Amino acid sequence: MEPESQNLKTAPPLTLGRFHISEDYGFLLPNPLKKLPDHYRPWMEIASRLPHLIGSHQLRAQVNEMPLLNCQFLTGYREQRLAHLVLTFITMGYVWQDGEAQPKEALVQAVNAVLLPSPDSLLQALQRLRISIQDITRALGQMHDYVDPDIFYSVIRIFFSGWKDNPAMPAGLLYEGVSKEPLNYSGASAAQSSVLHAFDEFLGVRHSKESADFLHRMRDYMPPSHRAFIEEIHSAPSLRDHILSSGNSELLTAHNQCVEALAALRSYHLAMVTKYLITAAPKAKGRRTSHLPGPPQALEDRGTGGTAVVRFLKSVRDKTLEAILHQSG
């Protein structure tokens with residue numbers, strides 16, 4: 001008879017490489033490519049001149065003359081990421097050229113510490129995770145230094161918006177040669193951030209049905225490998241159950257500090273939205289003579305992803321705080 005230990009099915013350690021995630025940069029791509037093979041020069045030439053082409057209202061004409069290129073010559077993940085980025089920027093510029101009138105390592109260490117298990121390793125990982133979340137909050141604060149609220153609201157914001165749940169384009173967008181029916185895609189949204197989804201899954205945050213439906217739909221906009229990483233965390237043993245069953249008060253405190261840091265990040269995001277959207281909106285409406293264009297009317301109370309933004313952000317923040325653990329007994 002084989003020893004019982006050989007019959008136990010154990011989960012393999014979680015690794016970053018197979019999900020195209022960097023130990024140092026997380027979901028960002030280290031040393032991203034700046035050029036594609038010569039076959040894709042038409043894409044890169046337009047991308048390099050994007051601000052000028054949008055400002056001079058020449059982008060659509062340039063794109064209409066662009067040859068149809070085959071993606072089969074893209075070799076490897078890095079080229080695919082750059083091509084995706086370039087085509088996304090070109091598409092947003094093309095649609096909104098004339099305004100709306102026209103059409104991380106700590107996480108992996110923590111998961112593996114639960115699998116082993118190792119209380120000391122898990123405690124260290126949770127402490128690192130808290131610091132990482134706080135670092136994200138501080139990095140988000142740099143937006144105050146580099147982005148003017150009036151410019152963001154009146155000029156930049158429309159290029160982040162999509163054609164799903166957008167009153168300016170209720171029928172969606174027709175992709176000629178791709179589909180005979182209009183397609184609907186959401187605009188850029190923080191809800192598409194792979195790292196926030198990973199935090200939620202690991203810390204056991206459970207959102208309301210409305211918010212959860214939207215968040216899960218946003219996963220369709222992630223690189224497939226990042227989406228697979230989040231699903232791997234979801235299927236891993238529950239951190240919440242592990243901590244509660246361990247009775248380890250240090251682990252419980254460290255977990256709750258991570259949850260509180262994540263809730264603080266979401267509160268800070270809500271404050272940013274208030275400054276760059278809610279407060280900026282009446283100022284933009286009151287401007288009669290300005291070098292800035294008129295604000296996008298259709299998105300006044302909505303995020304670029306198509307949500308009723310303030311209600312959504314308050315909901316995800318409040319549901320995050322509900323993930324705080326209380327020792328039974």
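By convention here, each chain's residues receive numbers from 1 onward along its written sequence. For this predicted model, a pLDDT threshold of at least 70 governs which residues receive local features, and a threshold of 80 or more governs which side-chain atom pairs are given and counted, while totals over whole chains, interfaces and linings are taken from all residues. As a rule here, side-chain values cover all heavy atoms of the structure and leave hydrogens and water aside.

## So, the UniProt feature "binding site: heme b" (unreviewed entry) in the protein chain
Here is step 1 of the chain: UniProt positions are given in the numbering used here, feature names are shortened, and annotations may be inferred rather than shown by experiment. Per the UniProt record, the feature "binding site: heme b" (unreviewed entry) sits at H269.
Here is step 2 of the chain: Within the fold, H269 resides in helix 14 (residues 249–278). Numbering of helices and strands runs from the N terminus, with a helix taken as a DSSP run of H or I at least four residues long and a strand as a DSSP run of E at least two residues long.

## A word on the packing of aromatic side chains
Here is step 1 of the chain: Pairs were defined over the aromatic rings of Phe, Tyr and Trp, the Trp ring being its six-membered one, requiring ring centres within 6.5 Å. Orientation was assigned from the angle between planes: stacked under 30 degrees, edge-to-face over 60, tilted for the rest. All chains considered together, the criterion is met by eight aromatic pairs.
Here is step 2 of the chain: The interplanar angle of 45 degrees and the centroid separation of 6.5 Å between the aromatic rings of W96 and W163 together place this pair among those described as tilted.
Here is step 3 of the chain: Taking relative accessible area as the criterion, W96 reaches 1% and is therefore assigned buried.
Here is step 4 of the chain: Clustering of aromatic rings is evident, with ring pairs tying together F19, F27 and F229.
Here is step 5 of the chain: For R60, the ring lying beneath its charged end belongs to Y94, and the centroid distance is 5.6 Å. Think of it in three bands: residues with accessible area under 20% of the maximum for their type are buried, residues over 50% are exposed, and the middle band is partly exposed, with areas taken using a 1.4 Å probe on protein chains only. A ring is considered to have a charge above it if a Lys NZ or an Arg CZ atom is located within 6 Å of its centre and within 35 degrees of its normal.

## So, the side chain of S22
Here is step 1 of the chain: Locating S22 in the fold gives a position in the loop between helix 1 (4–7) and helix 2 (41–48).
Here is step 2 of the chain: Contacts described as polar in this section are N or O atom pairs within 3.5 Å, which, within protein, must combine one atom able to donate a hydrogen with one able to accept it, while residues neighboring in sequence count only if both atoms come from side chains. There is a polar contact of 3.1 Å between the side chain of S22 and the backbone nitrogen of D24.
Here is step 3 of the chain: A distance of 2.9 Å separates the side chain of S22 from the backbone nitrogen of Y25, its partner in a polar contact.
Here is step 4 of the chain: By definition in these notes, contact holds between two residues if any of their heavy atoms fall within 4.5 Å. If we ignore the near neighbours within four places in the chain, the residues touching S22 are L16, L28 and P30.

## Overview of the packing of helix 7 (residues 119–140) against helix 10 (residues 194–203)
Here is step 1 of the chain: Packing of helix 7 against helix 10 brings their axes to within 13 Å, and their N-to-C directions diverge by 145 degrees. The two elements helix 7 and helix 10 cross, and the hand of that crossing is left-handed. Along the contact surface, helix 7 presents L126, L129, I133 and I136, while helix 10 presents V195, F199, F202 and L203.
Here is step 2 of the chain: For this classification, the nonpolar set comprises Ala, Val, Leu, Ile, Met, Phe, Trp, Tyr, Cys and Pro, the charged set comprises Asp, Glu, Lys and Arg, and every other residue, Gly included, is treated as polar. Here the residues of the contact of helix 7 with helix 10 are counted per class, giving eight nonpolar, no polar and no charged. Axes, fitted as lines to C-alpha atoms, cover a helix only where it is in contact. Angles between the N-to-C directions of the axes lie from 0 to 180 degrees. Handedness of a crossing is defined here by the sense of rotation of the near helix relative to the far one, left-handed for an anticlockwise turn of less than a right angle and right-handed for a clockwise turn.

## Some remarks on helix 5 (residues 76–96)
Owing to its 3.6 residues per turn, the α-helix aligns residues three or four sequence positions apart on the same side.
Here is step 1 of the chain: The first and last C-alpha atoms of helix 5 sit 31 Å apart over 21 residues, in line with the 30 Å expected at 1.5 Å per residue.
Here is step 2 of the chain: Burial in helix 5 covers these residues: Y77, E79, L82, A83, V86, I90, M92, G93, V95 and W96.
Here is step 3 of the chain: In the core, the buried residues of helix 5 are packed alongside helix 2, helix 3 (50–55), helix 4 (59–64) and helix 12 (224–235). Helix span is expected to be 1.5 Å times the residue number reduced by one.

## Quick look at the environment of R206
Here is step 1 of the chain: Inspection of the secondary structure puts R206 in the loop between helix 10 and helix 11 (209–218).
Here is step 2 of the chain: In this structure, R206 is in contact with D200, E201 and K319, ignoring residues within four places of it in sequence.

## Some remarks on the nonpolar core
Here is step 1 of the chain: Core analysis: the biggest nonpolar cluster contains 42 residues, and L126, L129, F202, L203 and F229 have the highest contact counts within it.
Here is step 2 of the chain: Those elements that provide at least two residues to this core are helix 6 (105–115), helix 7, helix 10, helix 12, helix 13 (239–246) and helix 14.
Here is step 3 of the chain: In terms of residue count, the dominant contributor to this core is helix 14 (eight residues).
Here is step 4 of the chain: If we ignore the near neighbours within four places in the chain, the residues touching F202 are L107, A110, V111, L126, L129, I233 and L239.
Here is step 5 of the chain: Of all hydrophobic cores here, the second largest spans 16 residues; its members include L50, L74, L82 and V86. We define the nonpolar core as a collection of buried residues of types Ala, Val, Leu, Ile, Met, Phe, Trp, Tyr and Cys that are connected through side-chain atoms lying within 4.5 Å of one another.

## Thoughts on helix 16 (residues 309–321)
Here is step 1 of the chain: Here helix 16 spans 19 Å end to end across 13 residues, near enough to the 18 Å set by a 1.5 Å rise per residue.
Here is step 2 of the chain: Every buried residue of helix 16 is accounted for by V309, F312, L313, S315, V316, R317 and T320.
Here is step 3 of the chain: Considering only its buried residues, helix 16 is in contact with helix 11 and helix 14.

## Focus on the packing of helix 9 (residues 149–156) against helix 14
Here is step 1 of the chain: Look at helix 9 against helix 14: their axes get within 8 Å of each other, and the N-to-C directions meet at 65 degrees. Judged by the inter-axis angle, helix 9 sits roughly perpendicular to helix 14. On helix 14, the residues that touch P149, F152 and Y153 of helix 9 are K275, Y276 and L277. An angle counts as roughly parallel when it lies under 35 degrees, as roughly antiparallel when it exceeds 145, as roughly perpendicular when it falls between 65 and 115, and as oblique in every other case.

## Things to note about unusual backbone geometry
What you tend to see is this: most non-glycine residues have negative phi, and most peptide bonds are trans.
Here is step 1 of the chain: For H20, which is not a glycine, the phi torsion comes out positive at approximately 55 degrees.
Here is step 2 of the chain: Along the chain, the position of H20 falls in the loop between helix 1 and helix 2.
Here is step 3 of the chain: Residue classification places H20 among the partly exposed residues on the basis of a relative accessible area of 35%.
Here is step 4 of the chain: The phi torsion at N31 lies on the positive side, around 45 degrees, for a residue other than glycine.
Here is step 5 of the chain: Within the secondary structure layout, N31 lies in the loop between helix 1 and helix 2.

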